[in-house]
Amino acid sequence: MNQKIRVGLIGSGGMAKSRSRCLKESTDAGYDIGQLTAVCDLIEERAHSAADMAEELLGHRPRVFTDYRRMLDEDIVDAVDVVTDHRSHHTIVNDALEAGRHCLVEKPLAITIRAARSMLDTAIRTGKLLGVAENYRRAVNQRARRYALDQGLLGEPKIVIQISISGRPPQVVVGTPWRHRKLDAGMGWVLDMGVHETDLFRYHVGDVKQVFGSAKKLTPARYFIDALGIKSEALENSVEDAAFALLEFECGATGVWGLTSTGHGGEATSVPLTIYGEEGCLKGDTLFLDGGRRIEVEEFYKDSAPTELKRSQFPGGLTNPVTLEQLEFLRAINGDVELETDGQAGLEAMAISCAVIESSEENLPLQIADVLQGRHTSYQDEINDALDIS
Ligand SMILES: NC(=O)c1ccc[n+]([C@@H]2O[C@H](COP(=O)([O-])OP(=O)(O)OC[C@H]3O[C@@H](n4cnc5c(N)ncnc54)[C@H](O)[C@@H]3O)[C@@H](O)[C@H]2O)c1
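Because the structure is a prediction, the values reported are computed rather than measured. (Residues numbered from 1 in each chain as written. Predicted model: local features only at pLDDT ≥ 70, side-chain atom pairs only at ≥ 80, totals over all residues.)

(A) Up close: the sheet that holds strand S15 (residues 286–289). As summarised here, the arrangement of the nine strands in space is S16-S15-S14-S13-S7-S12-S11-S8-S17, forming an open sheet in which the pairing is mixed. Edge positions in the sheet fall to strand S16 (294–296) and strand S17 (366–367), since each has one partner strand and no second. Of the strand pairs in this sheet, strand S13 (residues 269–277) and strand S14 (residues 280–283) are connected by three bridges, and their pairing is antiparallel. Looking across to S14, one finds that Thr274 is bridged to Lys283. The strands that helix H9 (residues 194–204) touches are strand S7 (157–165), strand S8 (208–216), strand S12 (254–260) and S13; relative to S13, the one it contacts most, it runs at about 15°. Against the sheet, helix H13 (residues 343–362) touches S8, strand S11 (242–249) and S17, its axis set at about 55° to S8. (Pairing = 2+ DSSP bridges. Helix = DSSP H or I, 4+ residues; strand = E, 2+ residues; numbered from the N terminus. Contact = placed C-beta atoms within 7 Å. Axes fitted to C-alpha atoms, helices over the stretch in contact; angles between N-to-C directions.)

(B) Representation of the pairing of strand S1 (residues 5–10) in the model. Here six bridges tie S1 to strand S2 (residues 34–40), and the two strands are oriented parallel to one another. Note that in S2 the partner of Ile5 across the bridge is Gly34. The pairing of S1 with strand S4 (residues 79–82) spans four bridges and is parallel. Residue pairing in the sheet places Val7 in a bridge with Ala79 of S4.

(C) Focus on the site of the ligand. Among the 25 residues in the neighbourhood of the ligand, the closest are listed as Gly11, Gly13, Gly14, Met15 and Glu106. A breakdown of the residues in the shell around the ligand according to their chemical character gives nine nonpolar, 10 polar and six charged. Residue contributions to the shell around the ligand reach at least three from each of two domains, namely domain 1 (5–137 + 317–342) and domain 2 (138–306). (Near = placed C-beta within 6 Å. Nonpolar A, V, L, I, M, F, W, Y, C, P; charged D, E, K, R; others polar. Domains from an automatic or database assignment.)

(D) Spatial organisation of the packing of helix H5 (residues 113–126) against H13. The geometry of H5 relative to H13 is characterised by a closest axis approach of 10 Å and an angle of 170° between their N-to-C directions. Between H5 and H13, the angle is such that the two are roughly antiparallel. On H13, the residues touching Ile113, Ala116, Met119, Leu120 and Ala123 of H5 are Gly343, Gln344, Gly346, Leu347, Met350, Ala351 and Cys354. Residue composition of the contact of H5 with H13, by class: nine nonpolar, three polar and no charged. (Parallel < 35°, antiparallel > 145°, perpendicular 65-115°, else oblique.)

(E) Seen up close, the domain arrangement of the protein. You can read the domains of the protein as domain 1 (5–137 + 317–342) and domain 2 (138–306). Distance between the C-alpha centres of domain 1 and domain 2: 26 Å. Counting residues at the interface gives 16 residues for domain 1, matched by 17 residues for domain 2. Of the residues belonging to the side of domain 1 that touches domain 2, the class tally is five nonpolar, five polar and six charged.

(F) Inspection of the sheet that holds strand S5 (residues 102–106) at higher detail. Judged by pairing direction, the sheet is parallel, and its six strands sit side by side in the order S3-S2-S1-S4-S5-S6 without closing on themselves. On the outer flanks of this sheet lie strand S3 (63–65) and strand S6 (130–133), each paired with one strand and no other. Each neighbouring strand pair of the sheet contributes to a mean axis angle of 25°, computed without reference to strand direction. Two strands pair when backbone bridges link them, and S4 and S5 are joined in this way by four bridges, in the parallel orientation.

Shown next as structure tokens:
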């Protein structure tokens, strides 16, 4: 039997909290192939709390570090799971790859295209795996949508729409303060939430060819509001919190995409991913076909998708998308499967978000191929310069 893969968790904040539970789910489902041997956070208390959770759920206490380089200096991990703010992804991943460790990094792959490309180059040079933790496409309904589209019921896609306007009060901090700082977060909400959506565009419709974007900073200051309604000191918001774009896909489809992290009146507006094809429309999880037939995609998938496909998409009957992405990474290290969302997929998803922002800066439609090549960087220059990304 193969030895377990020793994993080091770097970053022990909000999103990292799920990692021990996911490992336990995989182990319980018969995939006892990974062991959390080390955890790290700049804030020691957070790293200890991640270690406590691992000990409780997995019966083994990982070593605690506050400097990931010390973790890499020891023979304690074979792979790292990077769950830090966007600013640090490329530095940590490049160091870990150079130190001979496989890397899974949370979305977005990186803070700028140049940073992302450096990670891909290092992965190729070192021969180590680089995966991006993209969970959305692994959800049951997304697999079911893809399966339904693959059956050709819709014909060629022609029109694509996705809109999500937040109902969150406009001045409230979204999650963590760093998300509102350009040098920590990058391109704001269109990168942070947007890469999930661009990954889904690519998954369901295919590559985007051209983007004409408009992005705005609608809320210059943000606040935490406590249970008594008392506001914190103002936090400056230096990222775009609203973005809209016209999209042209390689397949010829045209579309509109919009998302904001701010709104008014507590009223959200949402158009789920909607694809009009030659013979019908997929709206969210329902297919409406010309002639009146209506298909709920999850039922369709459960009733008619081949067992082999279901087993490969939901090994061991697991359905938690974060567990599935983590398990795929471990199995890929063992050579049992390939990474579905590797570094290249991460780069291509973030290039669409990036194109929206750069297109807005230049007030011109941009080709994704050019953005991927690192052209059109007026917005990103400040970040590349400040973080010394070469
Ligand atoms: N897939 C999803 O659905 C999803 C959801 C939320 C967040 N995320 C992603 O997860 C990542 C982390 O987000 P979060 O919400 O957990 O942020 P967070 O601020 O809660 O946690 C990040 C942690 O990383 C630590 N950190 C930063 N630099 C470090 C370094 N050099 N070494 C060690 N630790 C370091 C911070 O101290 C912090 O505790 C981001 O990339 C974010 O986009 C993904």
